[in-house]
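Observations on chain architecture
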Amino acid sequence: MGVILEVKNLTKKFGGLTAVNDFSFEIKRGDFVGLIGPNGAGKTTVFNLISGFEKPSSGKIRFDGIDITGMRPYKIVNYGIARTFQLVRSFKFLTLLDNVIVPCLSKRGKEVSKKVGAEEYASSILASVGLVDKARIPPIILPHGDLRKLQIAKALGTNPELLLLDEPYSGLTHEESAVLTELIKKLHDDGVTIFMTGHVLRELMTLVPRVIAMHQGKFIADGPPKEVANNKILLEAYLGKGDEYA
Amino acid sequence: MKKGLVKEKIRNIPTYLKSWAKTFSGSLTVFLLIILTLFPFLSQNESFINYFLRHFTLAMIFSIFAASWDFLTGISGQISFGHAIFFGIAGYLCAYLIAFQGFPIWLAIPAGALGAVGFGLIIGIPCLRLRGPYLALGTLAFSLILLKLFLLGSLSNILFGSEGISYNTGPYPLTRLSSNALIEYFIVFITLIISFIIIFQIVKSKFGTILKSIRDDETGADASGINTTRYKVYAFMISSFFAGIAGCFYALYNTSVNPVGNFGTVISFFAILMASLGGLTTISGSSLGAFFFIFLEYILIEMGVDAYVQLIFAIILILVVRFAEHGILRPIIEHLKDFWDVLLGR
Amino acid sequence: MFQEIINMLFNGTLNGAVLSLIALGYSLVYGVGHIMNLAHGAYFMLTGYLLLWAYHFFPGQILINVIFAVVITTIIGGLTYILLIKPVKDSAVGVVLITFALAFALEQYVLIISGTTSATISGYVIFKGTTDFLGYSMLNQYVFYIIISLIIVSLFALFINKSKLGKSIRAVSQDSEAATLMGINSDRVLFYTVLISAFLAAIAASLYLPGAALNGPAMGWEYLTSSFAVVILGGMGSLVGSIVGAYIVGYITSFTNVFVPNGPAWAHIVPIIVILLVLIIRPQGLFGKKELQ
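Residues numbered from 1 in each chain as written. Chains lettered and ligands numbered in written order. Predicted model: local features only at pLDDT ≥ 70, side-chain atom pairs only at ≥ 80, totals over all residues.

Counting its secondary structure elements, chain C contains 12 helices and two strands. The C-alpha atoms of chain C give 19 Å as radius of gyration, which agrees with the globular expectation for 293 residues (19 Å, within 12%). Put simply, chain C has 293 residues, and 52% of those count as buried. Contacts in chain C between residues at least 24 apart in sequence constitute 75% of all its contacts with a sequence separation of at least 6. (Helix = DSSP H or I, 4+ residues; strand = E, 2+ residues; numbered from the N terminus. Rg over C-alpha atoms; globule rule 2.2 N^0.38 Å. Buried ≥ 20, exposed ≤ 12 C-beta atoms within 10 Å, placed from the backbone. Contact = placed C-beta atoms within 7 Å.)

Structure representation (structure tokens):
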């Protein structure tokens, strides 16, 4: 299995602030990777840079060998990367079904959905995340957990090879988190490469076999969770200098 | 495979129409259409009918215009405050072609509408970067500039200045829809029905769903792999086409065009006003809004307060936006619906 | 030749001085509340007409009339916020529609009373007469206005940086939620902001329009378009940008007026050209940033 995502020397400056600093890593096809770091470490910025919602100040991003640095978001989606957002967003005046139909109508989504028709296909995606009974309802009245599932359903509509999940557990109850974990595991088993950020470390560290850690925009560590969890710099970043917590 | 699907769809139309007519909005629409069709024949008094016919025709012209605005703003989420641009350009082009190039009407109207589409592109493309209030002001600024350009004395040899073009000479096939107000009425009526059916079908289709998704969350649509730029341009083109049709009819209705009457801010205001009354997201509401305001204007003029007409309209718009963001006609129709259900014992 | 250059420079400065006060308020409201008040140009226009009407009834009471006009316009600004903007604040379309309707209503109201013919309010000129400078004669009122506008801008800069309300304004413009958590009433701050913006526009009108003319109630739209051009050029939300943008647009307009054949007609087009160019070349404007600076 080859490298699916290659990020080299990725840097993003906002005026005087360097949000991402010379960040490099690789993800192989079929991997299941977490991205961790304290608040403000730059995780969402990295996602925004990969998915095209921000342009890097310097550095390169390659997906499946194709240089996607600075490409427009919809083009990147049509190459096979889909993402969810930290702050839940939806097409608020459309039904859930229509919400998922839209990505199925993207260039990439159409390749798959046209075989059975966009509605059928979107229905089956909603079924796979457990939302099909709410297909005719608009998102406004749904609980938070369902909205997170909807985001994943929408991402799936574009038939992605790489799925970027930005803080998917944020704001979920215990039960909702468990359901989400099952869903993510299943997606991974189906062959989707998963790259997710997390702030609630407990779930993340037991879920993923590999974790990349960052702090203040810089790369800190990359490896199995147990190893990374013992990384001194990371511990300091999360907990502050050791003495106070002795 | 595709051909068979289309044939099947066409064969399904009668059943589809029957079930649609049974729904509340369907039967209401059919009812209104029947009234509009029979109305001209209701009275023996020719001049009385003709007088009102012209008002109905005007209301139908503005229905198309308001619907075109609603398509762009309420369905596609692109706020346009300069819709007069498309209306005016089409009217001017149509008038020019008829008065100076000897075009027959059936050629001048599409030409005018296509001219409006051309402007839809010219305006649409720089405006693609603008969202929300920026877009509103950008389109407003464009329409003001166009108004000024047409009023410029120095350009009046190309653009006809503040006098505009007037052409009430010549027999009817050349200069107006008809010498007969009745035929004019039906030509506009049929165009109205066809336009609304087309717009409706577009809105209901998957294409329409994509436009609505751009309206609801443009970033999300982008993240769903949709080329939002392309669809926004399409929305501008479709909207400007129908605005252009209305603009051509208006020019023919008046047999003249002039800068203030065809490009004025008040025209853009009317589109917004009429569509908002009926509810921003309902296309049919635009038509009800158009009829409401055309007839309100008539009543106010009859009452002798014509100077106050637009002030009153502006206040109504303020009230509608303030208190009834989904238009006031919706709630009224909802109440009617409940009444209807009670009548039918449901 | 020389005279024309002085003409251009003087009028450019004058234009800049007028636009800076108008655009400043407009940009302020956007920076704080992310709201575009489309009635902003109408406030300017309305003040001029209030002065005209007051003059008809009380020709002698210049100062009182000015106070009256400025106060009325400022109150209307405040009412715009409380009655119209605040209830529909969550809907971007709603705010734009309702302020547009208000601008339209104000235009119609003035139209009904005064019609479209030009009028002058020269009775309000404080510094009468002209001064000759190298062959070009400048209206003293205009010189006075330029000086006053610079003073007002400086005072405003002081206000925004040092005063309590000014600091609250900056806080809300940066992060409305955080400001609320710090105990600042964002709603109240936005109200004051709209009030101030209307006030600035009214002051500008009272001091500038006496030397110019009232060209019909539709003039409000022109000032709105110019404000928009200035603010887009300067960068939405940047107060410094609004001032700089105002003078740039002012000079381009006066240059067009003086040196381009058929200038005065084309001068009207300048704002839209500016808007177009900025959008194509650098959409965030010169100083475009999210917070106020």
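Right, let's get into the overall build of chain A. Across its full length, chain A carries 10 helices and 10 strands. Over its C-alpha atoms chain A spans a radius of gyration of 18 Å, differing by no more than 12% from the 18 Å that the globule rule assigns to 246 residues. By its C-alpha atoms, chain A is 55 × 40 × 35 Å across when sized along the principal axes. Within chain A, buried positions represent 43% of all 246 residues. Long-range pairs, those at least 24 residues apart, make up 65% of the contacts in chain A with a sequence separation of at least 6.

A few words now on the sheet that holds strand β10 (residues 218-223) of chain A. Residue and element names in this part refer to chain A. Read from one edge of the open sheet, six strands run β6-β7-β8-β3-β9-β10, paired in mixed fashion. The two strands at the open ends of the sheet, each matched to only one other strand, are β6 (81-83) and β10. When the angles between neighbouring strand axes are averaged without regard to direction, this sheet yields 20°. The pairing of strand β3 (residues 32-36) with strand β8 (residues 193-198) spans five bridges and is classified as parallel. From the neighbouring strand, leucine 35 faces β8, where its bridge partner is threonine 197. (Pairing = 2+ DSSP bridges. Axes fitted to C-alpha atoms, helices over the stretch in contact; angles between N-to-C directions.)

This part takes up the domain arrangement of chain A. Residues and elements named next belong to chain A. As assigned here, chain A comprises domain 1 (3-80 + 161-245) and domain 2 (89-158). Taking the mean C-alpha position of each, domain 1 and domain 2 sit 25 Å from one another. Contact with domain 1, which involves 11 residues of that partner, is made by 10 residues of domain 2. Top element by residues in the side of domain 1 that touches domain 2 is helix α7 (residues 174-189). It accounts for three residues. In terms of residue class, the side of domain 1 that touches domain 2 is made up of six nonpolar, four polar and one charged. (Domains from an automatic or database assignment. Nonpolar A, V, L, I, M, F, W, Y, C, P; charged D, E, K, R; others polar.)

Turning next to the interface of chain C and chain B. Each partner contributes residues to the interface: chain C has 33 residues there, and chain B has 31 residues. Counting residues per element, the side of chain C that touches chain B draws most heavily on helix α4 (residues 92-114) of chain C, which supplies 14 residues. In terms of residue class, the side of chain C that touches chain B is built from 27 nonpolar, six polar and no charged.

Turning our eyes to something else, we now look at the sheet that holds strand β5 (residues 66-67) of chain A. All names here are of chain A. Read across the open sheet, the four strands follow the order β2-β1-β4-β5; overall the sheet is antiparallel. Each end of this open sheet is capped by a strand with a single partner; those strands are β2 (17-28) and β5. Pairing geometry for strand β4 (residues 58-63) and β5, over two bridges, is antiparallel. The partner of phenylalanine 63 across the bridge, within β5, is isoleucine 66.

Right, let's get into the interface of chain B and chain A. Often, the extent of an interface is quoted as the loss of accessible area on bringing the components together. Contacts between chain B and chain A engage 16 residues on the former and 24 residues on the latter. Taken together, the elements giving at least two residues each to the side of chain B that touches chain A come down to α10 (206-216) and α11 (218-223) of chain B. The dominant element in the side of chain B that touches chain A, judged by the number of residues it contributes, is α10 of chain B, at six residues. Its residues assigned to classes, the side of chain B that touches chain A shows four nonpolar, seven polar and five charged.

The next subject is the arrangement of the chains. Take the two pairs of chains in contact: the one carrying the most contacts is chains B and C. One finds no contact between chain A and chain C; the C-alpha atoms of the two approach each other to within 10 Å at their closest.

What follows covers the pairing of β8 of chain A. Residue and element names in this part refer to chain A. Burial runs high along β8: six of the six residues are buried. Burial of the side chains of β8 extends over both faces: Thr193, Phe195 and Thr197 are buried on one face and Ile194, Met196 and Gly198 on the other. Pairing between strand β7 (residues 162-165) and β8: four bridges, direction parallel. Residue leucine 165 lies in a different strand from β8, and its bridge partner there is methionine 196. Handedness of the β-α-β unit built from β7, α7 and β8 comes out right-handed. (Right-handed = clockwise from strand over helix to strand, strands pointing away.)

Glancing now at the nonpolar core. Within the largest apolar cluster, 263 residues are counted, with the highest numbers of intra-cluster contacts made by Phe62 and Ala246 of chain B together with Ala101 and Ala204 of chain C. Among the domains, domain 1 (3-80 + 161-245) and domain 2 (89-158) of chain A are the pair contributing at least three residues each to this core. In this view, phenylalanine 62 of chain B contacts Ala246, Phe270, Met274, Ala290 and Ile294 of chain B; residues no more than four positions away in its chain are not counted. (Core = buried A, V, L, I, M, F, W, Y, C linked by C-beta atoms within 7 Å.)

Residues and elements named next belong to chain A. In this fold, glycine 37 is placed in the loop between β3 and α1 (43-51). For glycine 37, a count of 24 C-beta atoms within 10 Å gives the class buried. Separated by 178 residues in the primary sequence, glycine 37 and histidine 215 have C-alpha atoms spaced 5.5 Å apart. Beyond its immediate chain neighbours, meaning those up to four positions away, glycine 37 contacts Gly42, Lys43, Ala213, Met214 and His215.

In this section: helix α10 (residues 239-259) of chain C. Residues and elements named next belong to chain C. Along its 21 residues, α10 runs 30 Å from first to last C-alpha, staying within 8% of the 30 Å computed at 1.5 Å per residue. The complete set of buried residues in α10 reads Leu239, Gly241, Ser242, Ile243, Val244, Gly245, Ala246, Val249, Gly250, Thr253, Ser254 and Thr256. Tucked inside the fold, the buried residues of α10 contact α1 (2-33), α5 (140-162), α9 (219-234), α11 (263-267) and α12 (270-281). (Expected span 1.5 Å × (residues − 1).)

Here we come to the packing of α1 of chain C against α9 of chain C. Residues and elements named next belong to chain C. At a minimum axis distance of 9 Å, the contact between α1 and α9 shows a crossing angle of 75°. By the angle between their axes, α1 is roughly perpendicular relative to α9. Here Leu19, Ile22, Ala23, Tyr26 and Ser27 of α1 come into contact with α9, specifically with Tyr223, Ser226, Ser227, Val230 and Val231. Looking at side-chain class alone, the contact of α1 with α9 contains seven nonpolar, three polar and no charged residues. (Parallel < 35°, antiparallel > 145°, perpendicular 65-115°, else oblique.)

All right, on to the pairing of β7 of chain A then. All names here are of chain A. Of the two faces of β7, the one holding Leu162 and Leu164 and the one holding Leu163 and Leu165 are both buried throughout. Taken together, the three bridges between β6 and β7 define a ladder with parallel strand orientation. Paired with isoleucine 81 across the bridge in β7 is leucine 162.

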